[in-house]
Amino acid sequence: MAGNRRAARIGSAVSGGTAVVTILVAMVTNYVTANPPTWAENSLLVWSVFGVLGAVSLGLVLWERRLAGEPEGGARPVALERIAAVSGHSMNPPAVSVPVRGRDAELERIGQLVRGPGGGMVVVCGAGGLGKTTLAAEAAARARAEGRVVVWIRWRDDATQLGQDLARAAHILGLPEARLEEARTGRVSLVDAVWEHLATVEGWLIVVDNVDTPTRVGPGSGSLSAYRGWLRPHGGGVLLVTSRDSSPQTWGPDADLLALDPLADKAGGAVLLDAAPRAGTEGEAEALAARLGGLPLGLNAAGTYLSVPTSRHRTFATYQHALENEFGDLLGAEHPAAATDPETARRVVRHTWDLSLDQLHHDGYTLARPVLQLLALLAPAPIPRSLITPSLVADATGLPATAATLDAALAGLHQYGLIRTPPRPLLRRQPNHL
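Before going into details, it helps to say that this report is about the structure given with it. (Residues numbered from 1 in each chain as written. Predicted model: local features only at pLDDT ≥ 70, side-chain atom pairs only at ≥ 80, totals over all residues. Heavy atoms only, no water.)

Right, let's get into the overall build of the protein. Looking only at helices and strands, the protein has 17 helices and five strands in total. Across the 434 residues that make up the protein, the buried fraction comes to 42%. Pairs at least 24 residues apart make up 74% of the contacts formed inside the protein by residues separated by at least 6 positions. For the protein, the accessible area works out to roughly 22000 Å², and carbon and sulfur atoms hold 56% of it. (Helix = DSSP H or I, 4+ residues; strand = E, 2+ residues; numbered from the N terminus. Buried < 20%, exposed > 50% of the residue type's maximum accessible area, 1.4 Å probe, protein only. Contact = heavy atoms within 4.5 Å. Areas by Shrake-Rupley, 256 points an atom, 1.4 Å probe, with all protein chains shown as cover.)

Below, the structure written as structure tokens:
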């Protein structure tokens, strides 16, 4: 602020100096033309005086313009697209099509923050497969149903893109276009402009999903816990972040951390019964949930498998038997808490997917597994269907592929819940994405 006042005083002085020089030029001109003195007959002297005054006046004008365009606080111009333009991705939360089981306490805590006075930052954290995104999506749906403005942002490991998305979120919440223009030209810092505005607006929930690399959030290389970057707890609404990073040192003293545990047997059994209500008893469902380590991602994969009429294993008991006999190295059977180990979590999910892929291969979808492995190599973003061609699959896998066998493989993967299509708002703009 002191620097801004100093710049303003200098700018005022320069403007005054420019005006004084202009007046002097006019006075000399009028005097010389009305009452020409003896020295005015010396043309060299006259033009020298005019030249000096003109040069000084031009210099003052240029200096004034430079001061007017000088960024505040050393802010640099940023490549900020016009926020009013149509974005290339949806900012609506993903739909939750099934009940969220076993997370009542976490949802209530988030709801209290959303409904309460002031704002804050809550971080839903834990290992992969624990349902962090699903929990955030359910919280977003409830907040929207209560009349809050909800914006969903997916962390793409790109601080610049995160800045663009948060600027758009702030614009949705009323940040003037003129303020964004000041940030674009470098007269103000974009991150400060965004959060200064968000601090004045209440009744919003912004979700930033999958921030698994918080040290790269930016802007700059400063610590996230200093709260000078893109993620801050000082808005008028609630900022909800999901991440695998559960360290309080990462998120700072003002962040409310909600660390997720694997689901208890009863809640895990309910997830399986929601997906496959005719696959067995409540006790059998709970036993299978314990065998899967209480991981929602693994439970959903198993439930989807059991719901398909052509699956080899149609009951909770036979599915558990298959796990024990076909994948004897599966860990996490003794207690759901064993799944907090990331390697165990990956193994649980991998084996549930293996059962689904084995079933697809048995049904004749020979390209299902190699196509899924090919898709896993691509960036975590919607993949144009036109990109996955028979020639690409054949070159990448070494297997013969036709349009018909490729379509069948993708349909089978979708049927078993191993791939999904983007939300409908994105589909209307960009059809045929995976």
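In this section: the side chain of E138. Its place among the elements puts E138 in helix α4 (residues 132–145). Apart from residues lying up to four places away in sequence, E138 is in contact with V96, V100 and L107.

Okay, the sheet that holds strand β2 (residues 149–154) next. Read across the sheet, five strands follow the order β2-β3-β4-β1-β5 without closing on themselves; strand pairing throughout is parallel. Strands at the two margins of the open sheet, each flanked by one partner only, are β2 and β5 (255–259). Strand-to-strand twist of the sheet, defined as the mean angle between neighbouring strand axes without regard to direction, takes the value 20°. Sheet topology note: the strand β1 (residues 120–125)/β5 ladder contains five bridges and is parallel. (Pairing = 2+ DSSP bridges. Axes fitted to C-alpha atoms, helices over the stretch in contact; angles between N-to-C directions.)

It is worth spelling out helix α10 (residues 282–291) at this point. Each α-helix winds once per 3.6 residues, and so residues spaced three or four apart point in a common direction. Inspection of α10 places A285, L288, A289, A290 and R291 among the buried residues, and these make up the whole buried set. Backbone geometry just downstream of α10 places G293 in the positive-phi region, at approximately 75°.

Core analysis: the biggest nonpolar cluster contains 37 residues, and V194, I206, V208 and L231 have the highest contact counts within it. Elements supplying a minimum of two residues to this core: β1, β2, α5 (159–172), α6 (177–184), α7 (190–198), β3 (204–209) and β4 (238–243). Per-element tally for this core: the top contributor is α7, with six residues. Dropping the residues within four chain positions of it, I206 is found in contact with V151, I153, L166, A169, L173, L198, V238, L239 and L240. The next biggest cluster of nonpolar side chains, apart from the first, holds 24 residues, and it includes I110, L113, A140 and V238. (Core = buried A, V, L, I, M, F, W, Y, C linked by side-chain atoms within 4.5 Å.)

Okay, the environment of A159 next. On the secondary structure map, A159 appears in helix α5. On the basis of relative accessible area, A159 is assigned to the partly exposed category, the value being 21%. The sequence separation of A159 and R216 amounts to 57 residues, and the corresponding C-alpha distance is 6.7 Å. When sequence neighbours within four positions are dropped, the list of residues in contact with A159 reads R216, V217, G218 and W230.

Time to look at the packing of helix α14 (residues 368–376) against helix α16 (residues 403–415). What describes two packed helices is the angle between their axes and the distance between those same axes. The contact between α14 and α16 brings their axes to 9 Å, and the two run at 75°. Regarding the angle of α14 to α16, the classification is roughly perpendicular. Here A368, V371, L372 and L375 of α14 come into contact with α16, specifically with L406, A409, L410 and L413. Across the contact of α14 with α16, the residue classes break down as eight nonpolar, no polar and no charged. (Parallel < 35°, antiparallel > 145°, perpendicular 65-115°, else oblique. Nonpolar A, V, L, I, M, F, W, Y, C, P; charged D, E, K, R; others polar.)

Tallying each qualifying case throughout the model produces 15 salt bridges. The salt bridge involving E146 is made with R115; its shortest N-O contact spans 3.4 Å. Of this pair, E146 sits in the loop between α4 and β2 while R115 sits in helix α3 (residues 104–115), placing them 31 residues apart in sequence. A residue is classified by how much of its surface remains accessible, and E146, at 36% relative accessible area, is partly exposed. Taking relative accessible area as the criterion, R115 reaches 40% and is therefore assigned partly exposed. Among the ionic pairs, D212 bridges to R244, the shortest N-O distance being 3.8 Å. (Salt bridge = Lys/Arg side-chain N within 4 Å of Asp/Glu carboxyl O.)

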